[in-house]
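A closer look at the structure
Listed below are the residues making up each chain.
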Amino acid sequence: MAAVQVVGSLPSGQPREAPRQAIPERGNGFRLLSARLCALRPDDSSSARTEIHLLFDQLISENYSEGSGVAPEDVSALLVQACRLVPLNQNHLVSKVSQLIHHLLNRLQVIVDEQHLDFLLAYTISAIHQCSSWTHREILQALAALVYCNGSKCQKYLPELLGKTGLLMKLSDLAQSDPEVRRAAVHCMANLCLSVPGQPYLEEPYQNVCFQAFLTILQSPKSSDMDDITFCMLLQNALKGIQSLLNGGRMKLTQTDELGALLAVLKKFMFHGLPGLNIEMPTVLYPTPLPQYDGRTPIEPQQSESSASRPTLNKKKKSKVKPKKIQQGEEEEKESSGEIEAAPVTGTGRVNLHEGNTCCPSSLGVQSLPLDGSGAAEKDGVSSPFSSSSWKRVSSSESDFSDAEGGMQSKMRSYQAKVRQGALVCFLSTIKSIEKNVLYGYWSAFIPDTPELGSPQSVSLMTLTLKDPSPKTRACALQVLSAILEGSKQFLSVAEDTSDHRRAFTPFSVMIACSIRELHRCLLLALVAESSSQTVTQIIKCLANLVSNAPYDRLKLSLLTKVWNQIKPYIRHKDVNVRVSSLTLLGAIASTHTPLPEAQLLLQQPCSSGLSNSNSATPHLSPPDWWRKAPAGPSLEETSVSSPKGSSEVNSMLSLQLLALLARGYFSMTQAYLMELGEVICKCMGEADPSIQLHGAKLLEELGTGLTQQVPVFLVNKCQFIVVMFWTMMLNGPLPRALQNSEHPTLQASACDALSSILPEAFSNLPNDRQMLCITVLLGLNDSKNRLVKAATSRALGVYVLFPCLRQDVICVADAANTILMSLEDKSLNVRAKAAWSLGNLTDTLIVNMETPDPSFQEEFCGLLLLKMLRSAIEASKDKDKVKSNAVRALGNLLHFLQPSHIEKPTFAEIIEESIQALISTVLTEAAMKVRWNACYAMGNVFKNPALPLGTAPWTSQAYNALTSVVTSCKNFKVRIRSAAALSVPGKREQYGSVDQYARIWNALVTALQKSEDTIDFLEFKYCVSLRTQICQALIHLLSLASASDLPCMKETLELSGNMVQSYILQFLKSGAEGDDTGAPHSPQERDQMVRMALKHMGSIQAPTGDTARRAIMGFLEEILAVCFDSSGSQGALPGLTNQ
């Protein structure tokens, strides 16, 4: 509620002029009347009643239109005093005091405080009980004003009001004879349901009582004694009540019948009073993919011709006629001067007759719109406004009814429009209160489908969008449609109509595709016919939602083409909101299912004539590069003519966003304009507005990312020096200035991200001073106090340490390591997560350098820094999962990198033990699967370091036990695969430890192979084959390293599970590459060679006399090779091995 303006509060402390004395006089008038009222004492005499009547009339007639200096608590105190003066046996005075309560609270926008509310509620409730029925309407109006936004403070009165025999329940019942009393009672209930944020909601039992009461009212037909306007007001109150329950009360519609009943009445009243339409709805709508029932009452053709179309008026004639006073309730219809359109008789579109419209239908290419059906052009297209006599507002001298009748008709249309708007707003609240998967069960009840030949189109939200005479109602319908489409990508993804279906039934996928196609057709028709800029904006926003969620890769071509051709003229529309929404729609087209072949064709098309405004002198852009010349700066004509201040900047930002989306999704096309886009970026980053600089930096980042990802193709087709020139232009331009702009940290962070997207090959060819500039700026920005900047800097350093020209520079890597370690101790989780990722990248660099022939890097890298990195990584492994996943990756790399000279030092012994224990605990912990996967990967890296005492150190058994536990029991198969890969890393038998340890690893792998299909998660089944492949490789690896003392355990296991193991190993030998990244041999020949090497190793083992284990295992392997030999017909050395 708006606060009451205090008397005399003038700006700048200026003294009030003489004419302004009227304001305090009104305030003084209220205070004088209030003082006179407070001076009275209860008196039952005739003169006292007359004086009270007079005071009440004066208070009601007081002018409160401007600031009156009346405090809310003074109003509440006055009302309490008034009620105390009026005994309940005086019906006329009770009626008058009720009018006073209603008038003052509504006119002064006062919410009664809790101190006075209790007395006033008790008084009004008692008045309803004791006073005559003719006073009930005024008393209920007073009660509604009292409980408005006070529902949580009326708890003790709720049983008396909303109980089974409560006042409001009885007065709102269908049996109530007085329709005005019934409407007022429903109004009270709706105000009780209205909640205020931060205050308790209405209790659930009372919510259900009110909901059922509102629903019953909506389901009941209009009684014969109720006039149409009262009925409309009753419906509005019931709809507002349900909306309040769903919004503020957080009521959940869990029962299908309950939701279906609500949706049925909402659909019915969405079309209440719509000219030319009268539908009958079932009591309940049920979720179904099939078209819902909606019975329409037949209408005479003449009636349809005269009433189904929208009101039409010629603007020129209107300007010559003296404007008349607007009738009460007509303001809703006057909200837009653009409501001057005609609707066709049989079509669903409207033709704009607005004199000042930006573009005429011909410029939009209406005639060129392809028809989805095989009807005449007038059926699916836009009819001529002269093909029928449309309904017109005419002067009283030309009409067949009097002024009073004309005013009543206009008032009636206004109230009916408000009912339709209330139903739509209530539907919007319903959509937000239910799950999307529940909502889509009712898709066909509200979304149009393509009508069958000869049958009328189903009544849907698009019916309102195309035919409702009120622009506000049309906008509401579009908002509801947008809410339904928002987040519908998964539901719409089933749509498919790329081929002609000739079946006895229509598949669900085809039905959804038909709905999508019909939505496109209707929305484009509405766009052509709409004259209200606000509604045009809603249509384009709705199209953007549709484009963002529709699966165009599964639909026939031409849908996007129609949208593209229709929307281009609106980029230069006179209304800034239309221009903004148009660019948003183009952004949706550029970002949906990229790269989309249809969108690529559109980008290559020549510029059409519709792109230029008919009033604009802007020359047509040369094909096919119109898209790269979208409004990108205030210098362009369309962003500066007839635009409010700031609209130019908005257009520039949206244009830059569009270019960034094109660079992301269609880089193969944007790369041809790399230098031109570089000039745009430099210009934008040189602007004074930080927002435009920021969007310029975002575009640079997308271009840099595209160059990095497309580098093989790009460098073949274009010379590398172009990329170097591009980045040189950036670094010589405003990019360094943006990096050092501490006043705008978001811009700094975005500039860091852009700098990190530089192509490594391009960076190595930059001048030395530019390379030094990049590194120096990044190292310096790490000291920033802003967390966004620090996180972006840490990430950029993590990218730079992987550059080939920098990773062998010991000083550069060391500086980056120290900077990253500082960020790893930051208070911000985001900074620590980025720093941990960069530390993982930096340790990857250490491993890459270790694999080079030149040992100088390992020798020069500081041991103390290694120690520091290990300690920081250990601490980070105890952090949140976002940090931990990369911390364990870094630990594995660092332990792999350690040289014998490091391991021999006593200072490293303890830290190595701590590092491995950190990895073991992470492998076993119930953390995110990515964390455990990285921990298993890190453990495999540790096993690769031959200098570590693997097999003899105390932590050996703990590490193997952790991995065997994971490989047999982890729910995630990718983690199992990685643990099996780690178990097959050691290359020597002694690294596996004792015979018992070796046996435990062997048995765990056999058990894991047996359980490789045991999962309750269906998504894990796709990893079954990869898991078995890795386990089989690990088993064969163990066979190829086994000693004589290991064979008895292996023989025992094979006797129990030999058939199972043999079948899976045969599958392993016969299958090809599985696409895993574990390093397993991918070709059948390599796998066959592994088994032969294991068999050869078994033959070389010197077993004790009488030992049958070796012979049994060799027989097992020979049988595998024989079966594989027979099935494939391959030639090999099997006989020779058998003779051994």
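Nothing here was measured: the structure is a model prediction, and the numbers come from that model.

To continue, consider the overall build of the protein chain. Broken down by element type, the protein chain carries 54 helices and four strands. Among the 1140 residues that make up the protein chain, the fraction classed as buried is 54%. For the protein chain, the proportion of contacts with a sequence separation of at least 24, taken over those separated by at least 6, is 73%. When the accessible surface of the protein chain is summed, it comes to about 50,200 Å², and 53% of that surface belongs to carbon and sulfur atoms.

It is worth spelling out the packing of aromatic side chains at this point. Tallied over the entire structure, the rule returns 15 aromatic pairs. Centroid distance Phe763 to Tyr800: 5.2 Å. Interplanar angle 70°. Geometry classified as edge-to-face. Of this pair, Phe763 sits in helix H35 (residues 760-764) while Tyr800 sits in helix H37 (residues 787-800), and the two are 37 residues apart along the sequence. Residue Tyr800 is classed as buried on the basis of its relative accessible area, which comes to 3%. By way of ring pairs, the aromatic residues Tyr440, Trp443, Phe491 and Phe508 are connected into one cluster. Across from the ring centre of Tyr415, 5.2 Å away, lies the NZ or CZ of Lys418, which sits over that ring. One Lys or Arg, Arg989, reaches over the ring of Tyr998 and ends 4.1 Å from the middle of that ring.

Here we take up the pattern of salt bridges. This structure, assessed with the given rule, holds 19 salt bridges. Between Asp468 and Arg420 there is a salt bridge whose closest N-O contact spans 2.6 Å. Here Asp468 is found in the loop between helix H19 (461-467) and helix H20 (471-485), whereas its partner Arg420 is found in helix H16 (residues 403-433), with 48 residues between them in sequence. Comparing Asp468 with Arg420 shows no difference in burial state: the two are buried. Of the charged contacts, one joins Arg521 and Glu518 as a salt bridge, the two residues approaching to 2.7 Å between their closest N and O atoms. Of the two residues, Arg521 and Glu518 both sit in helix H22 (residues 508-529), three residues apart, roughly one turn of that helix. When sorted by exposure, Arg521 lands in the same class as Glu518, which is buried. Taken together, the shared-partner salt bridges connect Arg137, Glu180 and Arg183 into one network.

Interaxial distance between helix H46 (residues 929-943) and helix H48 (residues 973-983) falls to 8 Å at its minimum, and their mutual angle equals 10°. Put simply, H46 runs roughly parallel to H48. The segment H46 lies against H48, with Met929, Arg932, Trp933, Cys936, Tyr937, Gly940 and Phe943 engaging Lys974, Val975, Arg978, Ser979 and Ala982. Looking at the contact of H46 with H48 residue by residue, the classes come out as seven nonpolar, two polar and three charged.

What follows covers helix H25 (residues 576-591). For H25, which comprises 16 residues, the first-to-last C-alpha distance of 23 Å matches the rise-based estimate of 22 Å (1.5 Å per residue) to within 8%. When you tally the buried positions in H25, you get 12 out of 16 residues, the bulk of the element. Buried residues of H25: Val576, Val578, Arg579, Ser581, Ser582, Leu583, Leu585, Leu586, Gly587, Ala588, Ile589 and Ala590, and no others. His593 sits one or two positions beyond H25 and adopts a positive phi of about 45°.

A general trend in soluble globular proteins is that nonpolar side chains are found buried together. Counting residues in each nonpolar core, the largest one holds 178 residues, and the members touching the most others are Leu140, Leu162, Leu168, Phe214, Met270, Trp443 and Ile484. Composition of this core by domain shows at least three residues from each of domain 1 (29-251) and domain 2 (447-499 + 506-598). Filtering out sequence-adjacent residues up to four positions away, Ile484 remains in contact with Phe427, Ile431, Lys436, Leu439, Tyr440, Trp443, Ile447 and Leu461. One finds Ala959, Ile977, Ala1008 and Leu1069 within the second-largest nonpolar core, a separate group that totals 164 residues.

Our next topic: the environment of Val265. Looking at the secondary structure, you find Val265 in helix H12 (residues 256-270). Judged by its relative accessible area of 5%, Val265 falls in the buried class. Linking Val265 and Ile217, residues 48 residues apart in sequence, is a C-alpha distance of 9.9 Å. Once residues lying within four places of it in the same chain are set aside, the contact partners of Val265 are Leu215, Leu218 and Gln219.

Relative to each other, helix H10 (residues 204-219) and H12 sit at 40°, their axes nearing to 10 Å. In terms of axis orientation, H10 runs oblique to H12. You can see that H10 and H12 cross each other, and the crossing is left-handed. On the side of H10, the interface is formed by Phe211, Gln212, Leu215, Leu218 and Gln219, while H12 contributes Glu258, Ala261, Leu262, Val265 and Phe269. Within the contact of H10 with H12, the residues separate by chemical class into seven nonpolar, two polar and one charged.

With that settled, consider unusual backbone geometry. Across the chain, the bulk of peptide bonds are trans and the bulk of non-glycine residues have phi less than zero. The residue Cys149 is not glycine, and still its phi comes out positive at about 60°. Following the sequence through the fold, Cys149 ends up in the loop between helix H6 (136-147) and helix H7 (158-162). For Ser558, which is not a glycine, the phi torsion comes out positive at approximately 105°. Relative to the helices and strands, Ser558 is located in the loop between helix H23 (533-549) and helix H24 (559-567).

Bringing helix H26 (residues 597-604) into the picture now. Of all the positions in H26, only Glu598, Ala599, Leu602 and Leu603 are classed as buried. In an axial view of H26, the angular spread of the buried residues amounts to 140°, which keeps them on one side of the axis.

So, on to the confidence of the model for the protein chain. For the protein chain, per-residue confidence averages 80 on the pLDDT scale, and residues scoring 70 or more make up 79% of the total. Ignoring residues within four places in sequence, the model shows residues 297-402, a span with pLDDT below 50, making 171 contacts including any to other chains. Taken together, the stretch residues 1130-1140 has pLDDT below 50 and engages in 16 contacts with residues farther than four places along the chain or on a different chain.

Procedures and definitions
- Residues numbered from 1 in each chain as written.
- Predicted model: local features only at pLDDT ≥ 70, side-chain atom pairs only at ≥ 80, totals over all residues.
- Heavy atoms only, no water.
- Helix = DSSP H or I, 4+ residues; strand = E, 2+ residues; numbered from the N terminus.
- Buried < 20%, exposed > 50% of the residue type's maximum accessible area, 1.4 Å probe, protein only.
- Contact = heavy atoms within 4.5 Å.
- Areas by Shrake-Rupley, 256 points an atom, 1.4 Å probe, with all protein chains shown as cover.
- Phe/Tyr/Trp six-rings, centres within 6.5 Å; stacked < 30°, edge-to-face > 60°.
- Lys NZ or Arg CZ within 6 Å of the ring centre and 35° of its normal.
- Salt bridge = Lys/Arg side-chain N within 4 Å of Asp/Glu carboxyl O.
- Axes fitted to C-alpha atoms, helices over the stretch in contact; angles between N-to-C directions.
- Parallel < 35°, antiparallel > 145°, perpendicular 65-115°, else oblique.
- Nonpolar A, V, L, I, M, F, W, Y, C, P; charged D, E, K, R; others polar.
- Expected span 1.5 Å × (residues − 1).
- Core = buried A, V, L, I, M, F, W, Y, C linked by side-chain atoms within 4.5 Å.
- Domains from an automatic or database assignment.
- Left-handed = near helix turned anticlockwise from the far one by under 90°.
- Arc of directions from axis to C-beta.
- pLDDT = per-residue confidence, 0-100.

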